[in-house]
Amino acid sequence: MHLMRSQNRQGASHSGGLRPGIKLGRFIEDGGLVDYFFGKEGKSCLQHDKFVQFLRDLHTELVRLEFAHYDYKSRGSISAKDFALSMIASADIKHLNKLLRRVGEIDKDSHISNIRISEDEFRNFAELRRRLQPFSLALFSYGLVNGLLRKDDFQRAASQVCGVTLTNNVVDIVFHVFDANRDGNLSVEELIRVLEKREKDIARPVEDGFFSCCWSCINRRSISRILS
């Protein structure tokens with residue numbers, strides 16, 4: 001996490017301290033993940049709750065850094081356009097130009113051009129990405145029943161199925177980008193495709209880096225034991 005902060009233009013300014021809420025005496029990577037999870041001697045048992053909390057904190061930190069990337073002036077909020085860009089950041093190259101055009105049209109829409117998205121709103125939408133499977137099923141179900149998927153259906157699905165509250169501002173931006181023909185009906189397949197790829201792109205480097213780090217730590221510890 002210290003390394004991630006150092007690579008982030010805002011996080012670097014906080015590289016000397018821990019994020020509030022994580023009560024650790026030092027950075028995890030300073031002693032290695034193996035030390036953190038299994039103790040200095042490597043004999044402690046990995047506690048499930050501790051590991052789950054670590055993953056939650058890691059995800060929270062990634063979202064915080066992503067928000068800070070767009071909130072480079074430390075205003076505590078980002079523009080509607082930046083929020084839209086964060087949504088389509090991992091879109092398939094075949095559809096990217098189309099989506100970028102829609103994002104560019106935000107400046108022409110007086111209803112949403114002045115919207116600011118807070119970190120809490122940003123975090124809630126990121127949480128929705130993590131629960132994409134039940135959320136997508138709910139969206140398709142609403143669409144089948146009603147024939148159309150309106151903004152209130154979108155908010156209801158997020159709240160009732162995923163326990164995530166989305167503000168009207170967030171939903172207005174989502175519909176601006178993913179309501180292709182501007183009829184008030186969301187293009188569900190396009191939205192799910194983009195968000196699914198976005199979550200996979202976020203998870204892949206975390207998974208690869210995490211397990212590579214664990215394997216490296218284990219190898220170093222095994223070698224040191226052999227040499228001793």
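What you see as residue numbers is a count from 1 along each chain, following the sequence as written. In keeping with the predicted nature of the model, local features appear solely for residues at pLDDT of at least 70, side-chain atom pairs appear and are counted solely at 80 or more, and the whole-chain, interface and lining totals rest on all residues. Derived side-chain values reflect all non-hydrogen atoms in the structure, with water molecules and hydrogen atoms excluded from consideration.

Asks: Explain helix α10 (residues 168-178) to me, please; I cannot follow it from the model alone.
Replies: Along an α-helix, residues three or four positions apart point the same way, because every turn accommodates 3.6 residues. Of all 11 residues in α10, nine are buried; the element is thus mostly enclosed. Relative accessibility decides the category of a residue: with a 1.4 Å probe and only protein chains considered, values under 20% of the type maximum give buried, values over 50% give exposed, and everything between is partly exposed. Under the DSSP-based scheme used, a helix requires at least four consecutive residues in state H or I and a strand at least two consecutive residues in state E, with every element numbered from the N terminus. When α10 is considered as a whole, its buried residues turn out to be Val170, Val171, Asp172, Ile173, Val174, Phe175, His176, Val177 and Phe178.

Asks: When you look at empty space enclosed by the protein in this model, what are you seeing that I'm missing?
Replies: Once rolled over the atoms, a probe with the size of a water molecule shows which space is left empty. With a 1 Å grid spanning the protein atoms alone, the term cavity applies to any set of points in which a 1.4 Å probe fits but cannot get out, the term pocket to an open set with protein on both sides within 12 Å along at least five of seven lines, and the term lining residue to any residue with an atom within 4 Å of a point. Grid points are joined across faces, edges and corners, and a volume is the space filled by probe spheres set on the points. According to the stated counting rule, one finds one cavity of 30 Å³ or more in the structure shown. The space that makes up the largest cavity amounts to roughly 50 Å³. For the largest cavity, the full set of lining residues is Ser90, Ala91, Asp92, His95, Leu99, Arg193, Val194 and Lys197. A per-element tally of the lining of the largest cavity places helix α11 (residues 188-227) first, with three residues. Each residue gets one label: Ala, Val, Leu, Ile, Met, Phe, Trp, Tyr, Cys and Pro are nonpolar, Asp, Glu, Lys and Arg are charged, and the others, such as Gly, are polar. Grouping the amino acids of the lining of the largest cavity by side-chain chemistry returns three nonpolar, two polar and three charged.

Asks: Is there a simple way to explain the packing of helix α5 (residues 80-87) against α10 in this structure?
Replies: Any two packed helices are characterised by the angle at which their axes cross and by the distance between the axes. Direction vectors running N to C along α5 and α10 enclose 60 degrees, while the axes themselves pass 10 Å from each other. Comparing their axes, α10 and α5 come out oblique. Like other packed secondary-structure pairs, α5 and α10 cross with a definite hand, here right-handed. Note on element contacts: α10 touches α5 through Val170, Ile173, Val174, Val177 and Phe178, opposite Ala80, Phe83, Ala84 and Met87. The residue makeup of the contact of α5 with α10, split by class, is nine nonpolar, no polar and no charged. Helix axes are fitted to C-alpha atoms over the stretch in contact, other axes to C-alpha atoms as well, and angles between N-to-C directions run from 0 to 180 degrees. Each angle gets one of four labels, with under 35 degrees taken as roughly parallel, over 145 as roughly antiparallel, 65 to 115 as roughly perpendicular, and the rest as oblique. Left-handed is the label given to a crossing in which the near helix is rotated counterclockwise from the far helix by less than a right angle, and right-handed is the label when the rotation is clockwise. We call two residues in contact whenever any of their non-hydrogen atoms come within 4.5 Å of each other.

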